[in-house]
Amino acid sequence: MEIKKLVKLEAIREQDTLSLIASENYASKEIREVVGSVLMNKYAEGYPNKRYYGGNEVVDKIEQEAIKAAKELFGAEHANVQSYSGTPANLAVYNALLNLGDTVLAMGLAHGGHLSHGHKVSFSSKAYKFVHYGVNSETGLLDYAEIRKMARIFKPKLIVCGATAYSRTINFQEFSKIARATGAYLLADISHIAGLVAAGEHPSPVKYADVVMTTTHKTLRGPRGAIILCKKELAEKIDKAVFPGIQGGPHINTIAGKAICLQDAQTTSFKKYAKQVVKNAKTLASELQKSGLKVCGGGTDNHLLLVDLSNLSITGKEAEATLEQVGIIVNKNMIPGDVRSPLDPSGIRLGTPAITTRGMKEPEIKILAEIIAGVLKNPQNKTVLLEAAKIVKKLCRKFPVPK
Ligand code: DSN
């Protein structure tokens, strides 16, 4: 089929379904336009005013705008805006701070970490010796005393904090104390919560961590990509580790999209949006709990929640497929201590960034929670599924995706 037709079909799919995937969002038309612009034609290896090819008078200004906006938004001393995405950004940070074989302490994937935090299938685990902490099995929360103990035993050169599936506030100050006490660098991977950090809805790690990285397409609502923030003294190391360390020519088109998203995130309307993302997630968690569903960690402080399905007769994979049948898109997810496999785990992860961009607030979230609980409890009941699909359709029409 023609690619253009497939793009149209994807636009229809996005309009006709509700994305509760915690890492997805809708980039604005302005961002999509610059990412698809002539800027993709230009090679610009190097950094502004220090490039390897000619013809950079325009793209230098674009990269400088993105750097300025990143520093302003997060109050950082230095920003590198060239990372292609989250995993390359993490690899670049490791490349800057570590020697091959060094020890790193990070959150395990099954407890909410990320593949690039040293999972066995990731290159990061081949290059460095990762040791993993998790959440406390009773509370589902980060256990800072346990992390400190592990740091003392394993003496990592780097501690990574930040997660893809942790719904509670991360205490960056505590992580920093542990890192300082054990002589480790601290990297905060705020890919999921960056939009909330930018808007003051989650404490910022910038003054506590040596390096902070984030993707730009999740709660930040920008183009797919990443940025790295650090203290001035690490600036040269980080820049060299990104280019020429692990990347070639920067994607200037994406950097232009990042600049717009980082500028947009400084506006009052973005701050209102981020506040609503959290309110919506809290409402979703409490409504699901009222319906008897188990929410890991007891609730949420951010944009996401993990539902533990082990008390229902449905697995994560089945839940993902059944919800998709009614137009609700989620992802199956391991829950802490999961006895099932990542391909069919015991949980699902739900997030509110995308539906909040569509304009949904607490009343709609309550409707959505009722549908989700109904579907998860009655996955075989055709009447329940048909009714749920009808309501989702109405919500999709009433809250269109941004043009
Ligand atoms: N795939 C992203 C997420 O869903 O959290 C992380 O890379």
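Residues numbered from 1 in each chain as written. Predicted model: local features only at pLDDT ≥ 70, side-chain atom pairs only at ≥ 80, totals over all residues. Heavy atoms only, no water.

**Quick look at the pattern of salt bridges**
Under the defined criterion, the tally for this structure stands at 19 salt bridges. E72 is the partner of K68 in a salt bridge, and the nearest nitrogen-oxygen pair spans 3.7 Å. With K68 and E72 both in helix α3 (residues 57-74), this residue pair falls four residues apart, about one helical turn. Residue class for K68 comes out partly exposed when judged on its relative accessible area of 45%. One salt bridge in this structure joins R168 and D301, with 2.8 Å as the shortest N-O distance. Of this pair, R168 sits in the loop between β7 (158-161) and α7 (172-182) while D301 sits in the loop between β11 (294-295) and β12 (304-308), and the two are 133 residues apart along the sequence. Residue classification places R168 among the buried positions, given a relative accessible area of 19%. D301 sits in the partly exposed class, given a relative accessible area of 21%. Ionic contacts of the salt-bridge type, sharing partners, join the residues R51, D60 and E63 into one network. (Salt bridge = Lys/Arg side-chain N within 4 Å of Asp/Glu carboxyl O. Helix = DSSP H or I, 4+ residues; strand = E, 2+ residues; numbered from the N terminus. Buried < 20%, exposed > 50% of the residue type's maximum accessible area, 1.4 Å probe, protein only.)

**Points about the site of the ligand**
Every residue lining the ligand is accounted for by S23, H114, T164, H192, K218 and R349. Between an oxygen atom of the ligand and a side-chain N or O atom of S23, the distance comes to 2.7 Å. Starting from 230 Å² of accessible surface for the ligand in isolation, the protein chains cover 63%. Considering only residue class, the shell around the ligand consists of no nonpolar, four polar and two charged. (Near = heavy atom within 4 Å. Polar contact = N/O pair within 3.5 Å; in protein donor to acceptor, adjacent residues only side chain to side chain. Areas by Shrake-Rupley, 256 points an atom, 1.4 Å probe, with all protein chains shown as cover. Nonpolar A, V, L, I, M, F, W, Y, C, P; charged D, E, K, R; others polar.)

**Considering the pairing of strand β10 (residues 226-230)**
Both faces of the sheet carry side chains from a regular strand, because those side chains alternate between them. Among the five residues in β10, five count as buried, and that is most of the element. What you see with β10 is no split at all: A226, I228 and C230 on one side and I227 and L229 on the other are buried throughout. Bridging between strand β9 (residues 211-215) and β10 involves five bridges; their strand directions are antiparallel. Following the sheet pairing, T215 is matched in β10 by A226. (Pairing = 2+ DSSP bridges.)

**Notes on the packing of aromatic side chains**
Within this structure, the stated rule accounts for seven aromatic pairs. An aromatic cluster is defined as three or more aromatic residues linked by ring pairs; in this entry it consists of Y94, Y128 and F130. (Phe/Tyr/Trp six-rings, centres within 6.5 Å; stacked < 30°, edge-to-face > 60°.)

**Remarks on the nonpolar core**
Here is a general trend for soluble globular proteins: nonpolar side chains tend to be buried in one another's company. Counting 63 residues, the largest nonpolar core has F74 and F175 as the members making the most contacts within it. Ranked by the residues each element gives to this core, the list is headed by α3, at eight residues. Those residues within four positions of F74 in sequence are excluded, and the remaining contacts are I190, A194, V197, A198, V206, L220, I227, L229 and L262. In this structure, L309, L368, A373 and V392 belong to the second largest nonpolar core, which totals 34 residues. (Core = buried A, V, L, I, M, F, W, Y, C linked by side-chain atoms within 4.5 Å. Contact = heavy atoms within 4.5 Å.)

**Quick word on the sheet that holds strand β5 (residues 103-107)**
Spatially, seven strands are ordered β4-β10-β9-β8-β7-β5-β6 in an open sheet, and the strand pairing comes out mixed. If you trace the sheet from one side to the other, it starts and ends with β4 (78-80) and β6 (129-133), each paired once. If you compare each strand with its neighbour and ignore which way they point, the axes differ by 20° on average. Strands β6, β7, β8 (185-189), β9 and β10 of the sheet are contacted by helix α4 (residues 86-97), whose axis makes an angle of about 165° with β9. Helix α6 (residues 144-154) rests against β5, β6 and β7 of the sheet, and its axis sits at about 155° to β6. (Axes fitted to C-alpha atoms, helices over the stretch in contact; angles between N-to-C directions.)

**Considerations on the environment of M150**
Within the secondary structure, M150 is located in helix α6. With relative accessibility at 12%, the residue M150 sits in the buried group. Remark: the alpha-carbon pair of M150 and K126, spanning 24 residues in sequence, is separated by 21 Å. Contacts of M150, omitting those with residues within four sequence positions, involve L105, V131, H132, Y133 and K155.

**A short note on the sheet that holds strand β14 (residues 331-333)**
The strands that make up a sheet pair up through hydrogen bonds in the backbone, lying either parallel or antiparallel. Strand order in the open sheet formed by four strands is β11-β12-β15-β14, and the pairing between neighbours is antiparallel. The open sheet is flanked by β11 and β14, the only strands paired with a single partner. Sheet analysis places β12 next to strand β15 (residues 347-351), joined by five bridges and oriented antiparallel. Considered in β15, the bridge of L304 is made with G351. Its contacts with the sheet put helix α11 (residues 268-290) on β11, β12 and β15, and the angle it makes with β12 is roughly 15°.

**Quick look at the side chain of T254**
Here T254 shows up in helix α10 (residues 252-264). In contact with T254, other than residues within four places in its own chain, are V35, P223 and R224.

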